[in-house]
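# Descriptive structure summary
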Amino acid sequence: MSDKQPLIGIIMGSDSDLPTMQAAIAVCEDFAVECEVAIVSAHRTPERMVEYAQTAHTRGLRVIIAGAGGAAHLPGMVASLTPLPVIGVPVATRHLQGIDSLYSIVQMPRGIPVATVAIGNAQNAGLLAVQILASSNPELLEKVQQYRQSLSQSVLDKQTKLEELGYQKYLSQMSSSK
């Protein structure tokens, strides 16, 4: 990204989480919001995690997205150390398909909230982070509204195509495009 001040921190417990977290990075890029990306393990680099979380707001970050698989302690631990909103992304694991990560992230004690998205849905985490920023940035809010309108238009376009083709031809085209 550029030399501009990052507003969103995107962290993960391991580089193996990066394929999932790249969707959040892409959202930041699409909305021209600066982000920083880092590997910050709650278990293997706890001192780094503490420093990252405690200094995030002083470094200009406004939101943190934390992806974690397995024990998934990173989002909750970071949330306990920072005054910033934290969005947890449960990363799918080989053995439990991310259910363990989801449960770990959503089961935070009172007073330590972590917003949580669906397993593997870093795109929604990125969108939520952008929406949080947009609540105090009219230009960004306009971009979010335009994005929402494009989602609506996409569905309407699909409905028009379905009506024109009928469901069987529509399904056939869907199968051939995969």
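Given the structure is predicted, the values throughout are model-derived calculations rather than measurements. (Residues numbered from 1 in each chain as written. Predicted model: local features only at pLDDT ≥ 70, side-chain atom pairs only at ≥ 80, totals over all residues. Heavy atoms only, no water.)

Burial of strand 3 (residues 63–68) is extensive: six of the six residues sit out of reach of the surface. Neither face of strand 3 is left uncovered, since the one carrying Val63, Ile65 and Gly67 and the one carrying Ile64, Ala66 and Ala68 both have all their residues buried. Inspection of the sheet shows strand 1 (residues 8–12) paired to strand 3 by five bridges, in the parallel sense. Note that in strand 3 the partner of Ile8 across the bridge is Val63. When strand 3 meets strand 4 (residues 86–90), the two strands line up parallel, connected through five bridges. Bridging across to strand 4, Ile64 finds its partner in Val86. Once the chain exits strand 3 it traverses helix 3 (residues 74–81) before rejoining the sheet at strand 4, and the crossover so formed is right-handed. (Buried < 20%, exposed > 50% of the residue type's maximum accessible area, 1.4 Å probe, protein only. Helix = DSSP H or I, 4+ residues; strand = E, 2+ residues; numbered from the N terminus. Pairing = 2+ DSSP bridges. Right-handed = clockwise from strand over helix to strand, strands pointing away.)

The next thing to look at is the side chain of Ser101. On the secondary structure map, Ser101 appears in helix 4 (residues 99–106). A relative accessible area of 0% places Ser101 in the buried class. Look past the residues within four positions of Ser101 in its chain and what remains in contact with it is Ala68, Gly69, Gly70, Ala72, Pro90, Val91 and Thr93. (Contact = heavy atoms within 4.5 Å.)

Function cannot be read off these values alone, since they describe shape.
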